[in-house]
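Coordinates in review
Residue strings, one per chain:
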Amino acid sequence: MKKYQADKIEIKWQKKWQEDNTFAVSNKVKETDKYYLLEMFPYPSGRLHMGHVRNYVIGDTLARFLRRCGKKLLYPMGYDAMGLPAENAAIEGKSNPSAWTQRCIEEMKAQQKRLGLSYDWGRMINTSSSEYYGWNQWIFLKFLEKGLAYRKKAAINYCPGCRTTLANEQVEGGKCWRCSSEAELKIKKQWYFKITSYAQKLLDDLNQLGGWPKAVKTQQKNWIGRSPGALIKFKIEGSDRYIDVFTTRPDTIFGATFILIASRHPDIMDLAQGEKDKIKKFIDSTASEGGERSCDKEKRGIYLGIDAINPLTSEKIPVYSANFVFMEYGTGCIMCVPAHDQRDFEFAQKYGIPVKEVIKPCSGGAEADGAYEGEGVLVNSGKYDGIKSSQARKIITEYLKKSGVGEFSIQYKIRDWLISRQRYWGTPIPVIYCEDCGTVPVKYSDLPVELPTDVEFSGSGNPLETSRTFKKAPCPRCGKEGIRETDTMDTFVDSSWYFLRYINPDLKDVPFKPSDADRWLPVDQYIGGIEHAVLHLLYARFFTKALKDLGMTSISEPFKNLLCQGMVLKDGIKMSKSLGNVVDPQEIIERYGADTARIFVLFASPPQKDLEWSDEGVRGASRFLQRLWNMAAEEPEVPDTGEPEGSFLNMLHTKIKEVTFDIKENFQFNTAIARIMELVNETASLKPGSSARQQALKAAVQLLEPFAPHISEEMWEMMGGAGPLSAQPWPEYSDEIISRTAGKLEIPVTINGKLRAKIKINPGQAPEKVLKFAKEDETVLKYIKGGKLVKEIYVPDKIINLVVKKTNSGDDNKEKNK
């Protein structure tokens, strides 16, 4: 008997697939035949982890199934290669991050190939190559022309020790995560993409995404955060300036007793008139807090030394800055009504600010302990007293609009996308600053603007600032010496359109060909983690809509269906290097083979659920493959010529149908593998060399191929199958054969909870026919006779429950007489 050697078999078939270019696909396909399958591309940090393995094996299993069902499959892979980890590695090693990144890509790619993943490697992209990020710059210039890219002042976290900006997550306890210096807030001009121009479209078009998980759509809806309300102008006392506030409750304006401004507001120091040193110190102290309107957060604030005038009461109210005001919502300034907002109430209590009730509950009731935030009728509101709050919102806003100090407004929680990063390892922003011409875009003919190599990675400041060859450049308009923008783009830009570049990865004149994009898009199935719900997935939707408006594609949504796979756990906890509970996929592959690893991660749990790691589960997967191998290897070469029995054909076609449904309809790969295991068990009971056993073995191998492709190819070849199995059509089933060969089912019949009879039926019959047949059974009729059938329940192909109420004619007559 031929011995099963996983490593040799797997390397053999991987080499053959590569040499034959088995999984390459042309763009010249019919739209009816095309299928675009994609997993979220990885950050190349080095070796694969089990979360990667699960994600890619889910996608590859579907890919192999779809090809054999006749689909022309676009199934590419690439690497989201820009970002902070590579730059940090460069700082530690005093080297350029490109070498580190390329080494990680090669290592990860080798591991992916070792898993037998059937990507079209000819379409691979690397976002850190200038061939890719040059198109980021091209799109930036198009956005700039369209008014979708612009520059404005914004607050940033800044570390004076490292002399660089910090992301919110890099500020820990108010200090820099690297050098522990006190983080500061600085105002700096930065570049933005105007995603807010698409806020309503992004919200409305969620209704088109029927193939997305509800949880993802809900997160995006909440992130976009549509809020109808009013913009109101509060005049600063003794000044011609106004503070614009947005509120969803203009009906409570008579109770506004102070104003709060977000500590990250770019104009806060300009507005402040108090002790500016103390105010600046307070603002810096909020650097790590992010400005969130939370009831749980300790409320801290500082008086800015200015007061504003309530436009309806003419009362003077103080203006504070606070740590719990969200700059990214509305205008970053809020009118505060402590009687009707719990956060404002707590702040007012702490700082001795008056609380004025202006809404009474319609039903009266007990006094609220704190702020009453519900609907009601207006009180202490002048001529508006007695009006319901829902009506007063419109009436008061109309008055404010008529008076020139307010207007109806719809605001969104989502803010314009800040793309500026004071980092090296990202896409250079293609802009030059000229003393005479101002901000000038780089010419398209001068793209890409490449990252220089003469930079210092000291961990202090932006490395691009240290380059002698990069910073100075001639103005594209007048030719005089100008200064390049040294900020780079947020790396989410790279992943916002990569699915389009896969379509034409080698195109030189445009990032992708519109006709090819329209043929392949939208991506039919996208696979990735739910943690990307409101950043990557939202940005990709925005880019697609913007590119459509630029005439680059006719598609408005990038991903038709979305599958969010669960996490891989060990001992109930997510695998993590810091926790020391990771399992190295390479060790599993070396010990058991890639097919065993694939079978385990697919069989242990449905794709959408978390997967609990089990060493015994891995061994079980290995035993199953070894058993099937032994059966195939021991099978006589010349089978019997006898015809298989009807019960066998029923079993075989039923299993093919069940596996097909589990893969195609609901991604239940675990139950599909379970049904293949059942088929293998049935096959083991058949006579070796019989025609039935031969058919069953070949069917089992054919069905197993998407899950464990290497061993399946080898067994197919060993059993004399024609050509590579990956090129063979998916096995077909026949409902006619299943129906014709089905045996009778014996269905128990209970009457008033007790088993009284059993009837035999054909499986799959209509419930009304089964119930009619049961009620005509002689034994059943005996129990029904003399009573009234009040309930009949049929659990298809399982059981019939009847409830019979006995009747007494004399008692019935008495009831009628009454």
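Residues numbered from 1 in each chain as written. Predicted model: local features only at pLDDT ≥ 70, side-chain atom pairs only at ≥ 80, totals over all residues. Heavy atoms only, no water.

1. Focus on the sheet that holds strand E6 (residues 164-166)
For clarity, the threshold we go by: Only when DSSP finds a minimum of two bridges between them are two strands counted as paired. Strands here are runs of E lasting at least two residues and helices are runs of H or I lasting at least four, both read from the DSSP assignment and numbered beginning at the N terminus.
Strand order across the open sheet formed by four strands is E6-E5-E9-E19, with antiparallel pairing between neighbours. Both outer strands of the open sheet, E6 and strand E19 (417-418), are each paired with one neighbouring strand and no more. For strand E9 (residues 184-193) and E19, the ladder comprises two bridges, and the chain directions are antiparallel. When the sheet's bridge partners are listed, Tyr 192 is paired in E19 with Leu 418.

2. Quick notes on helix H16 (residues 594-603)
Rule in force here: For each residue, the accessible area found with a 1.4 Å probe, counting protein chains only, is set against the maximum for its type, and the residue is called buried under 20%, exposed over 50%, and partly exposed in between.
Across the ten residues that make up H16, a large majority, nine, are buried. All of the buried residues in H16 are Ala 594, Asp 595, Thr 596, Ala 597, Arg 598, Ile 599, Phe 600, Val 601 and Leu 602.

3. Section: the nonpolar core
To keep it simple, the criterion reads: To qualify as a nonpolar core, a set must consist of buried Ala, Val, Leu, Ile, Met, Phe, Trp, Tyr and Cys residues joined through side-chain atoms within 4.5 Å. The contact criterion used throughout is that any non-hydrogen atoms of two residues lie within 4.5 Å.
Counting residues in hydrophobic clusters, the biggest one holds 165 residues, and the most contacted among them are Tyr 36, Phe 140, Phe 193, Tyr 498, Phe 499, Leu 704 and Phe 707. A per-element tally of this core places helix H2 (residues 50-68) first, with nine residues. The residues contacting Phe 193, other than those within four sequence positions of it, are Phe 140, Phe 143, Leu 148, Ala 149, Asp 416, Trp 417, Ile 419, Val 493, Phe 542 and Phe 543.

4. A few points about the pattern of salt bridges
To keep things clear, this is the line we draw: In the sections that follow, a salt bridge refers to a side-chain nitrogen of Lys or Arg positioned within 4 Å of a carboxyl oxygen of Asp or Glu.
In total, this model carries 46 salt bridges according to the counting rule given. The partner of Arg 64 in a salt bridge is Asp 60, and the shortest N-O contact between them spans 2.9 Å. In this pair, Arg 64 and Asp 60 both sit in helix H2, four residues apart, roughly one turn of the helix. A salt bridge links Glu 275 to Lys 278; the shortest N-O distance between them is 3.5 Å. Residue Glu 275 is classed as exposed on the basis of its relative accessible area of 53%.

5. Observations concerning the packing of aromatic side chains
Here is the rule: Two aromatic rings, drawn from Phe, Tyr or Trp (for Trp, its six-membered ring), form a pair once their centres lie within 6.5 Å of each other, and the interplanar angle then sorts them: stacked below 30 degrees, edge-to-face above 60, tilted otherwise. Distance and angle both matter: a charge sits over a ring if NZ of Lys or CZ of Arg is within 6 Å of the ring centre and within 35 degrees of the ring normal.
Per the counting criterion, the structure on display carries 42 aromatic pairs. Ring centres of Tyr 132 and Trp 497 lie 4.9 Å apart, and the angle between their planes is 15 degrees; this geometry places the pair in the stacked category. With Tyr 132 in helix H5 (residues 130-146) and Trp 497 in the loop between strand E25 (488-489) and helix H12 (498-501), the pair connects residues that are 365 residues apart, well separated along the chain. As far as the burial class goes, Tyr 132 and Trp 497 line up, both buried. Between Tyr 150 and Tyr 192, the ring centres sit 5.6 Å apart and the planes meet at 15 degrees, which makes this aromatic pair stacked. Residue Tyr 150 is located in strand E5 (residues 149-159), and its partner Tyr 192 is located in strand E9; the two are separated by 42 residues in the primary sequence. Given a relative accessible area of 7%, Tyr 192 falls into the buried group. Three or more aromatic residues joined by ring pairs make a cluster, and in this case those are Phe 140, Phe 143, Trp 191, Phe 193, Tyr 198, Trp 417, Phe 492, Tyr 539, Phe 542 and Phe 543. One residue, Lys 152, lies across the ring of Tyr 192, its end atom 4.8 Å from the ring centre. Above the plane of the ring of Trp 716 lies Lys 698, whose end atom (NZ or CZ) is 5.7 Å from the centre.

6. A word on the packing of helix H17 (residues 615-634) against helix H20 (residues 691-704)
For clarity, the threshold we go by: Whenever a helix is involved, its axis is fitted only over the stretch in contact; in every case the axis is a line through C-alpha atoms, and angles between N-to-C directions fall within 0 to 180 degrees. Here roughly perpendicular refers to angles of 65 to 115 degrees, roughly parallel to angles under 35, roughly antiparallel to angles over 145, and oblique to all remaining angles. What makes a crossing left-handed is the near helix being turned counterclockwise from the far one by less than a right angle; a clockwise turn instead makes it right-handed. Classes in brief: Ala, Val, Leu, Ile, Met, Phe, Trp, Tyr, Cys and Pro nonpolar; Asp, Glu, Lys and Arg charged; the others, Gly included, polar.
Between H17 and H20, the shortest axis-to-axis distance is 11 Å and the interhelical angle comes to 140 degrees. In terms of axis orientation, H17 runs oblique to H20. Seen along the crossing, H17 lies across H20 with a hand that is left-handed. In this structure, H17 contributes Phe 624, Leu 625, Leu 628, Met 631 and Ala 632 to the contact, and H20 contributes Arg 693, Leu 697 and Leu 704. For the contact of H17 with H20, the residue count by class is seven nonpolar, no polar and one charged.

7. Re the packing of H20 against helix H21 (residues 709-718)
A pair of packed helices is captured by two measures, namely the crossing angle of their axes and the spacing between those axes. Between H20 and H21, the least distance of the axes is 8 Å, while the angle of their chain directions is 150 degrees. Taken together, the axes of H20 and H21 are roughly antiparallel relative to one another. When you trace H20 past H21, the crossing you get is left-handed. Across the interface between the two elements, Lys 698, Val 701, Gln 702 and Leu 704 from H20 touch Ile 711, Ser 712, Met 715 and Trp 716 from H21. Split by residue class, the contact of H20 with H21 holds five nonpolar, two polar and one charged.

8. Quick notes on the sheet that holds strand E22 (residues 438-441)
Spatially, E22-E21-E24-E23 is the arrangement adopted by the four strands of the open sheet, whose pairing is antiparallel. Each of the sheet's edge strands pairs with one partner strand only, and the pair in question is E22 and strand E23 (472-474). Averaged over all pairs of adjacent strands, the angle between strand axes in this sheet comes to 45 degrees, irrespective of strand direction. Where E23 meets strand E24 (residues 481-484), three bridges bridge the pair, whose relative direction is antiparallel. Residue pairing across strands places Lys 472 opposite Ile 483, the latter belonging to E24.

9. As for helix H7 (residues 214-224)
Operational definition: This arc is built from the directions going out from the helix axis to the C-beta atoms.
Where H7 is concerned, the buried positions are Val 216, Gln 220 and Ile 224. Within H7, the buried residues cover an arc of 70 degrees as seen down the axis, which keeps them to one side. Exposed residues on H7 whose side chains face more than 90 degrees from its buried face are Lys 214 and Lys 221. Buried residues along H7 sit against helix H6 (199-204), strand E10 (226-236), strand E18 (406-412), helix H14 (536-549) and strand E27 (562-564). Immediately beyond the C-terminal end of H7, within one or two residues, lies Gly 225, with a positive phi of roughly 60 degrees.

10. Some thoughts on unusual backbone geometry
With an omega dihedral of 0 degrees, the bond running from Leu 447 to Pro 448 counts as a cis peptide bond. Mapped onto the fold, Pro 448 is located in the loop between E22 and E23. The residue after Leu 521, namely Pro 522, is reached through a cis peptide bond having omega 0 degrees. Here Pro 522 is to be found in the loop between helix H13 (514-520) and strand E26 (525-528). Non-glycine residue Ser 180 carries a positive phi angle of around 65 degrees.

11. Considering the environment of Leu 400
Looking at the secondary structure, you find Leu 400 in helix H11 (residues 389-402). In this structure Leu 400 comes out as buried when scored by relative accessible area, which is 1%. It is 9.3 Å that separates the C-alpha atoms of Leu 400 and Leu 231, two residues lying 169 residues apart in sequence.

12. A few points about the confidence of the model for the chain
Heads up, the rule is: Known as pLDDT, the predictor's per-residue confidence is scaled from 0 to 100.
This prediction gives the chain a mean pLDDT of 91; 95% of its residues lie at or above 70. Contacts of residues 290-294 to residues separated by more than four positions or lying in other chains number 19 contacts, the stretch itself having pLDDT below 50. Every residue in residues 809-818 is under pLDDT 50, and counting partners more than four places away or in other chains gives one contact.

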